[in-house]
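# Structure at a glance
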Amino acid sequence: MDADLTIEIRPDGTTIGQTYRLVCLEGQPAEGTDHPRAAASCEVLLNHGEQLRALPRKDQICTEIYGGPQEATITGTFNGESVIKQLSRTDGCEIREWNLFEPLVGPGGAEGI
């Protein structure tokens, strides 16, 4: 698994608070990475990276639980293909997806990554 991603985290939902670069080669952090949880993030991508390409299902029923204003954008390449993934915490489905990628974007609270 290879990835070269930029992760922008907006703790308040609008202003970028942190920006990180994550480079994984053969599933391991590589040169150019400045992400503080690079090893855990590469491991998540190794197991769930294809989810970066998944679109929300239109027929999906989500709980109306608000997890906070946090948003994140993950852009770059995963296994040679371009990806753009938007994450938020606006309902149960979005929170589940945020939690899946937590090593990349942090737990969603004010404490950051």
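Right above here is the structure, for reference.
I will try to describe carefully the structure that is included in this document. Small disclaimer: the values here were computed from a predicted structure and weren't measured.

## Thoughts on the state of the cysteines
- According to the stated counting rule, one finds 2 disulfides in the structure shown.
- Sulfur-sulfur distance for the disulfide between Cys24 and Cys42 comes to 2.0 Å. With the S-S bond torsion at -90 degrees, the cross-link from Cys24 to Cys42 turns out left-handed. Linking Cys24 in strand β2 (residues 18–25) with Cys42 in helix α1 (residues 38–48), this pair joins segments that are 18 residues apart in sequence.
- Covalent S-S linkage joins Cys62 and Cys93, the inter-sulfur distance amounting to 1.9 Å. Classification of the bridge connecting Cys62 and Cys93 rests on its S-S torsion, roughly -100 degrees, and on that basis the disulfide is left-handed. Highlighted residues: Cys62 in the loop between α1 and β4 (71–78) and Cys93 in helix α2 (residues 92–100), separated in sequence by 31 residues.

## Observations concerning the nonpolar core
- Residues Leu5, Leu45 and Leu104 are the most contacted members of the largest nonpolar core, which totals 22 residues.
- At the level of elements, β1 (3–10), β2, α1, β4, β5 (81–88) and α3 (102–105) are the ones that each hand at least two residues to this core.
- Those residues in contact with Leu45, other than ones at most four positions away along the chain, are Met1, Ala3, Leu5, Leu22, Cys24, Leu52, Phe78, Phe101 and Leu104.

## Focus on the pattern of salt bridges
- Going through the model one piece at a time under the given rule, you end up with 5 salt bridges.
- Residue Asp4 pairs with Arg21 through a salt bridge whose shortest N-O separation is 2.8 Å. Note that Asp4 is positioned in strand β1 and Arg21 in strand β2, a separation of 17 residues in sequence.
- The partly exposed category is assigned to Arg21, whose relative accessible area is 34%.
- Glu71 is paired through a salt bridge with Arg10; the nearest N and O atoms lie 3.4 Å apart. Highlighted residues: Glu71 in strand β4 and Arg10 in strand β1, separated in sequence by 61 residues.
- By relative accessible area, which is 10% here, Arg10 ends up buried.
- Salt bridges linked by common partners bring Glu50, Arg53 and Glu81 together as one network.

Calculation criteria
- Residues numbered from 1 in each chain as written.
- Predicted model: local features only at pLDDT ≥ 70, side-chain atom pairs only at ≥ 80, totals over all residues.
- Heavy atoms only, no water.
- Disulfide = S-S within 2.5 Å.
- Helix = DSSP H or I, 4+ residues; strand = E, 2+ residues; numbered from the N terminus.
- Core = buried A, V, L, I, M, F, W, Y, C linked by side-chain atoms within 4.5 Å.
- Buried < 20%, exposed > 50% of the residue type's maximum accessible area, 1.4 Å probe, protein only.
- Contact = heavy atoms within 4.5 Å.
- Salt bridge = Lys/Arg side-chain N within 4 Å of Asp/Glu carboxyl O.

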